[in-house]
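If you want the building blocks of each chain, they are given just below.
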Amino acid sequence: MFAFLCSRQLLLLKSRRSQLGFIQQNAFFILKSFASIGLCQSNETQQEEKHSFTVSYLINSCGLSPKSAILASQRMNFENPERPDSVLNLLKENGFTPTQISKIVRVQPMLLLSDPEKTLLPKIEFFRSVGVSSSDLSEILSSNPLLLARSLQKQLIPSYDFLKTVLLVDEKVLATLKRAPRSFLYNVTNNMTPNIAHLRQLGLPQSTISFLVSNYPSEAFAKHTRFVEAVQQVMEMGFNPLKTVFVLAIQVLLKMSKPKLESKLELYKRWGWSEDMALSAFKRHPNCMLLSDGKITKAMDFLVNKMGWPSANIAINPVVLFFSLEKRIMPRFSVIQILQAKGLVKNDLSSGSFILPSEKCFVEKFLIKFQDDVPELLNVYRGMWRYADA
C-alpha cells in the first residue's frame, strides 16, 4: 500500500513538472514573439525614418516636387547626406544649374549614391577631353542622365571610338553627341559594327554613311536583323545606294511598322494616288510617309479642293506637304488670287510656280514686281503671316 502511494505521488510530481515545463516553454515562445514583433516594428520605424529623410532631402536639396521625390525614394534610400551632398557639390562645381541637377536626380536618383570622384568625375573629364564645352556638357548630361550611369570603359569610350571611325572627325562626333546623345548608349558589338559593315559592303559612300549616323543614329544602330531587312526593302524599291535618299528611306522604314506604312499608303490612295504614285512620292521624299494623318488630310484638302491642284501633281512634288499651310501656302494663294482678279497673272498659273519657290523668289516675283499696281498686296501677305502667328 505504501509503495502504491509513493508511486502515485511520484506520477503526480512528474505531471506537475511536465505542465510547468510546458508553461515555461510557451512563455518563452510568447516572449520571443513579442520581441520579434518589437524588432520588426523597430525596423519598420527605422525604414520609415530613412524613407522620410530621403524624401525630405530630395525636395529640399535637389529641388524635386513631393510627387517626384516619393517616386525617386522608391528606387533608393539613404539616411546620411554625406554621399549625396558630395555628388551635388561635384555637379555644381562643374557648371550644372539647379534645374539641370534636379532633372538628373529625378531621372537617375541612384546617381546620388555614386562615388563622385571615382565614378562621375572621370566621365565628365572624358567628355571634356574630346572637346565638349562646359555649357554643352551640362545640357547633354542633364537631358540624358543615363550617360552618367553607364560604364566609361565598357560603353562611353568604345562608343566614341566607333563613331570616330565612321564620322572620321571629332567635330562630327560631337555634333552627333549634341543632336542625339543616346547614340553613345547603343550596343557597339551587336548593332553598330555589323550595320555599318553591311552598308559598306553595298558600296555606300562614306559621306552617305556619315549622314545616316550623324542625323539618324537611333535608326543607324537599330537591331541588326531589322536593319538588314529595311535595307533589303529599300533596295527592292529601286533606290540608288549611292544617293543620300537611300538612307533616308532606310530610316523611314525603321521608324514605321508594316501596318503603319500600309495605313499611310491607304490614306494617300483616298486622295487619288495609285500605288505607283505613292512609291514615286516616297522615292522623291521618303519622309512624306512620316507625316501625321491630320497634316496630310488638311494639306490635301486645301491643295486639291480649294486650290484645284491635281493630286497627281502633288505626288510629283511631295515636298509641298511639309510646307506650313497657314504661313506659306494660304498667304501665297491669297496673293495670287488678288493678282488673277486684277488680270496681272494668268488664271491657269501652275500652283507649283508660286508654292515651290523660296520666300525670296516669291517676294521678288509676285510682291515687289506688282507693288505699284496693287499697293496693298504686301500688307495682305504680311497680315496673313501675323494672323498665323497669333
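Residues numbered from 1 in each chain as written. Predicted model: local features only at pLDDT ≥ 70, side-chain atom pairs only at ≥ 80, totals over all residues. Heavy atoms only, no water.

Engineer: Mind showing me how you'd approach the overall build of the chain here?
Structural biologist: In terms of helices and strands, the chain carries 22 helices and zero strands. Counted over contacts in the chain with a minimum sequence separation of 6, partners at least 24 positions apart contribute 70%. Surface accessibility of the chain: about 21,700 Å² in total, with carbon and sulfur atoms responsible for 55%. (Helix = DSSP H or I, 4+ residues; strand = E, 2+ residues; numbered from the N terminus. Contact = heavy atoms within 4.5 Å. Areas by Shrake-Rupley, 256 points an atom, 1.4 Å probe, with all protein chains shown as cover.)

Engineer: Even after reading the chapter, I still don't get the side chain of S68, so can you show me in this structure?
Structural biologist: Relative to the helices and strands, S68 is located in helix α2 (residues 66-73). Here S65 takes part through its side chain, which lies 3.1 Å from a polar atom of the side chain of S68. (Polar contact = N/O pair within 3.5 Å; in protein donor to acceptor, adjacent residues only side chain to side chain.)

Engineer: Just to check I follow, could you spell out the pattern of salt bridges for this structure?
Structural biologist: Opposite charge on two side chains makes pairing possible when the charged atoms of those side chains draw close. Under the criterion given, the structure shown has eight salt bridges. In this structure, the salt-bridge partner of K269 is E275, at a minimum N-O distance of 3.0 Å. Of the residues examined, K269 reaches a relative accessible area of 28% and is grouped as partly exposed. Owing to a relative accessible area of 57%, E275 belongs among the exposed residues under this scheme. Residues participating in the shared-partner salt-bridge network are E266, K269 and E275. (Salt bridge = Lys/Arg side-chain N within 4 Å of Asp/Glu carboxyl O. Buried < 20%, exposed > 50% of the residue type's maximum accessible area, 1.4 Å probe, protein only.)

Engineer: What should I look at first to understand the packing of aromatic side chains in this one?
Structural biologist: The description of two aromatic rings rests on the distance between their centres and on the angle between their planes. For the structure on display, the rule yields 15 aromatic pairs. Between Y186 and F221 the ring centres are 5.8 Å apart and the planes differ by 55°, which places this aromatic pair in the tilted class. Taken as a pair, Y186 in the loop between α9 (170-179) and α10 (188-201) and F221 in the loop between α12 (217-220) and α13 (224-236) lie far apart in primary sequence, 35 residues in all. With relative accessibility at 16%, the residue Y186 sits in the buried group. Overall, F221 belongs to the buried group, its relative accessible area being 2%. Judged by centre distance (5.3 Å) and plane angle (40°), the rings of F362 and F366 are tilted. (Phe/Tyr/Trp six-rings, centres within 6.5 Å; stacked < 30°, edge-to-face > 60°.)

Engineer: How do you make sense of the environment of F126 when you look at a structure like this?
Structural biologist: Within the fold, F126 resides in helix α5 (residues 116-129). Look at F126 and you get buried, because its relative accessible area is 12%. Separated by 30 residues in the primary sequence, F126 and L156 have C-alpha atoms spaced 8.9 Å apart. With residues up to four places along the chain from it excluded, the contact list for F126 reads L152, L156, I157 and Y160.

Engineer: Is there a simple way to think about the packing of α5 against helix α8 (residues 152-167) in this case?
Structural biologist: The description of two packed helices rests on the angle between their axes and on the distance between the axes. Relative orientation of the contacting elements α5 and α8 amounts to 10°, with a least axis distance of 12 Å. When the axes of α5 and α8 are compared, the pair comes out roughly parallel. Touching P122, K123, F126 and F127 of α5 are L152, L156, I157 and Y160, all from α8. (Axes fitted to C-alpha atoms, helices over the stretch in contact; angles between N-to-C directions. Parallel < 35°, antiparallel > 145°, perpendicular 65-115°, else oblique.)

Engineer: Can you walk me through the nonpolar core in this structure?
Structural biologist: Looking at soluble globular proteins, one finds that nonpolar side chains tend to be buried together. Counting residues in each nonpolar core, the largest one holds 110 residues, and the members touching the most others are I250 and L321. Counting residues per element, this core draws most heavily on helix α14 (residues 244-255), which supplies nine residues. Excluding anything up to four places from it in sequence, I250 contacts L199, F227, A230, V231 and V234. (Core = buried A, V, L, I, M, F, W, Y, C linked by side-chain atoms within 4.5 Å.)

Engineer: Which parts of the structure should I look at to understand the layout of surface pockets?
Structural biologist: Taking a probe equal in size to a water molecule and rolling it over the atoms shows the remaining empty space. What the largest pocket holds in volume is close to 310 Å³. Lining the largest pocket we find 13 residues, and of these M237, L261, L265, E275 and L279 sit closest to its centre. Secondary structure elements with two or more residues in the lining of the largest pocket: α15 (258-270) and α16 (275-284). Considering every element that reaches the lining of the largest pocket, the biggest residue donor is α15, with six residues. Partitioned by chemical class, the residues of the lining of the largest pocket number seven nonpolar, one polar and five charged. (1 Å grid on protein atoms, 1.4 Å probe; cavity = no way out; pocket = protein on both sides within 12 Å on 5 of 7 lines; lining within 4 Å. Points joined across faces, edges and corners; volume = space filled by probe spheres on them. Nonpolar A, V, L, I, M, F, W, Y, C, P; charged D, E, K, R; others polar.)

Engineer: Could you clarify how one ought to interpret the side chain of S142 in this entry?
Structural biologist: Tracing the backbone shows S142 in helix α6 (residues 134-143). A polar atom in the side chain of S142 sits 2.8 Å from the backbone oxygen of S138. Apart from residues lying up to four places away in sequence, S142 is in contact with Q100, K103 and I104.

Engineer: Where do I start with empty space enclosed by the protein in this structure?
Structural biologist: According to the stated counting rule, one finds one cavity of 30 Å³ or more in the structure shown. Quantified by volume, the largest cavity comes out at close to 30 Å³. As for the largest cavity, its lining consists of V87, L91, I104, V105, L111, L112, L120 and L148. If you list the elements that add at least two residues to the lining of the largest cavity, you get α3 (82-93) and α4 (98-107). Considering only residue class, the lining of the largest cavity consists of eight nonpolar, no polar and no charged.

None of this, on its own, says anything about what the molecule does.
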